[in-house]
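Results of the structural survey
The primary structure of each chain is shown beneath.
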Amino acid sequence: MPDALLPFAQNWLIAMQADVTRYVLFSVGVWLTLWVLLARPLAGRRIRDTRPPARQLVLEFLISIRSIMIFSTAGLLTFGLFRAGLMPGPYIARDLGPFWFWTSLVLMIIGHDAWFYWTHRLIHDRRLFRTFHRRHHRSHNPSPFTAYSFDLGEAAINALFVPLWMLIVPTQWPVIGLFVLHQIARNTLGHSGYELFPARKDGRPLLPWLTTVTHHDLHHAQAGYNYGLYFTWWDRWMGTEHPEYLARFAAVTARKRLATSSPSPA
């Protein structure tokens, strides 16, 4: 390897190690907690009757590592732009104080939800689906490891959001770290197969503007609906929310309520 590329390679390995560690902690942590340790207490909250085979879990994990390689590359290039003085946003954001720190985080999450919705709908076009999104939907019955199981093109689209955002919106680096933690937490939980979100007494989601696990699970079961990532806004505005979503959510959460309220045998 040429000496000029050695620092880049070393930094890439460091970034890759951090990104893989974060992914493993969340994906394996969600799997271990929900599918092993709490499998029996949460049995009523399991959305589907069957679990995906072990081969699917292993394949998803390996493909997710490949996606993380793309994310790490994009992150390192973004930091390179910053070090070269071509991305002054973090300095500007620092001078705007703590109010902008938290405001920029909220705006980034909202912005990413819009980015995800529209790019997600785009790659569901039949002319793009096989190249960009088929890998993810091979996980018809998703698992926590499905979160980053992407084709190369889809991984690149997802990686592109952060550098574009930082070029447009002044954002501190710690905000990016919090954003990434929120993103991977919602992503792994959203593919977990267990409905973890609370319901009202009438069976509707307690926080109706947030996507639930059932919301995204329906997308894997019937791909023409529920494109949103964090919020239900775009699906409602664009008429792409699954017509049975609320009924399915109510049915899953009702199973849990019935299980906990039923009298014990004498």
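Remember, predicted model here, so these are calculated numbers, not experimental data.

Let us look at the pattern of salt bridges. Under the criterion given, the structure shown has 7 salt bridges. With a closest N to O distance of 2.9 Å, Asp-217 and Arg-48 form a salt bridge. Taken together, the residues Asp-217 in helix α9 (residues 213-221) and Arg-48 in the loop between α1 (6-37) and α2 (54-83) connect sequence positions 169 residues apart. For Asp-217, a relative accessible area of 6% corresponds to the buried category. The exposure class of Arg-48 is buried, given its relative accessible area of 16%. Across the pair Arg-94 and Asp-95 runs a salt bridge whose closest N-O atoms are separated by 3.9 Å.

On to the nonpolar core, then. Ranked by internal contacts, the top residues of the largest apolar core, which has 29 residues, are Met-108, Ile-109, Phe-161, Val-162, Ile-176, Phe-179 and Tyr-230. When contributions to this core are tallied by element, the ones reaching two or more residues are α4 (97-123), α7 (152-168), α8 (173-190), α9 and α11 (245-261). Among the elements that make up this core, the one with the highest residue count is α4 (6 residues). Contacts of Tyr-230, omitting those with residues within four sequence positions, involve Ile-109, His-112, Asp-113, Phe-179, His-182, Gln-183, Arg-186, Trp-209, Leu-210 and Thr-211.

Let us now look at the packing of α4 against α8. With their axes 10 Å apart at the nearest point, α4 and α8 run at an angle of 40 degrees to one another. Comparing their axes, α8 and α4 come out oblique. With respect to the hand of their crossing, α4 and α8 are arranged in right-handed fashion. Packed against α4, whose contacting residues are Phe-101, Trp-102, Ser-104, Leu-105, Met-108, Ile-109 and His-112, the element α8 presents Pro-174, Val-175, Ile-176, Leu-178, Phe-179, His-182 and Gln-183 at the interface. Residue composition of the contact of α4 with α8, by class: 10 nonpolar, 4 polar and no charged.

Attention now goes to the packing of α2 against α7. Direction vectors running N to C along α2 and α7 enclose 25 degrees, while the axes themselves pass 9 Å from each other. On the basis of their axis angle, the class for α2 and α7 is roughly parallel. The hand of the α2/α7 crossing is right-handed. Between α2 and α7, the contacting residues are Arg-66, Ser-67, Ile-70, Phe-71, Ala-74 and Thr-78 on the first element and Leu-152, Ala-155, Ala-156, Asn-158, Ala-159, Pro-163 and Met-166 on the second. Looking at the contact of α2 with α7, its residues break down into 9 nonpolar, 3 polar and 1 charged.

Let us look at α2. Here α2 spans 43 Å end to end across 30 residues, near enough to the 44 Å set by a 1.5 Å rise per residue. At the C-terminal side of α2, Gly-85 shows a positive phi close to 80 degrees.

Here we take up the side chain of Ser-192. The residue Ser-192 is located in the loop between α8 and α9 in this model. Residue Ser-192 is classed as buried on the basis of its relative accessible area of 0%. For Ser-192, the residues in contact, after removing those within four places along its chain, are Val-30, Leu-34, Trp-35, Arg-46, Pro-144 and Val-213.

Turning next to the packing of aromatic side chains. Within the structure shown, the criterion is met by 23 aromatic pairs. Plain terms: the ring middles of Phe-71 and Tyr-148 are 5.0 Å apart, the flat faces sit at 80 degrees to each other, and that makes the pair edge-to-face. Taken as a pair, Phe-71 in helix α2 and Tyr-148 in the loop between α6 (134-137) and α7 lie far apart in primary sequence, 77 residues in all. Like Phe-71, the residue Tyr-148 is buried in the burial classification. Of the aromatic side chains, those joined through ring pairs into one cluster are Tyr-117, Trp-118, Tyr-227, Tyr-230, Phe-231, Trp-233, Trp-234 and Trp-237. In this structure, Arg-46 packs its charged tip against the face of Trp-35, placed 4.9 Å from the ring centre. Over the face of the ring belonging to Tyr-194 we find Arg-46, whose NZ or CZ atom lies 5.0 Å from the ring centre.

Each value, and the rule that gives it
- Residues numbered from 1 in each chain as written.
- Predicted model: local features only at pLDDT ≥ 70, side-chain atom pairs only at ≥ 80, totals over all residues.
- Heavy atoms only, no water.
- Salt bridge = Lys/Arg side-chain N within 4 Å of Asp/Glu carboxyl O.
- Helix = DSSP H or I, 4+ residues; strand = E, 2+ residues; numbered from the N terminus.
- Buried < 20%, exposed > 50% of the residue type's maximum accessible area, 1.4 Å probe, protein only.
- Core = buried A, V, L, I, M, F, W, Y, C linked by side-chain atoms within 4.5 Å.
- Contact = heavy atoms within 4.5 Å.
- Axes fitted to C-alpha atoms, helices over the stretch in contact; angles between N-to-C directions.
- Parallel < 35°, antiparallel > 145°, perpendicular 65-115°, else oblique.
- Left-handed = near helix turned anticlockwise from the far one by under 90°.
- Nonpolar A, V, L, I, M, F, W, Y, C, P; charged D, E, K, R; others polar.
- Expected span 1.5 Å × (residues − 1).
- Phe/Tyr/Trp six-rings, centres within 6.5 Å; stacked < 30°, edge-to-face > 60°.
- Lys NZ or Arg CZ within 6 Å of the ring centre and 35° of its normal.

The values reported here are purely geometric and, on their own, carry no functional implication.
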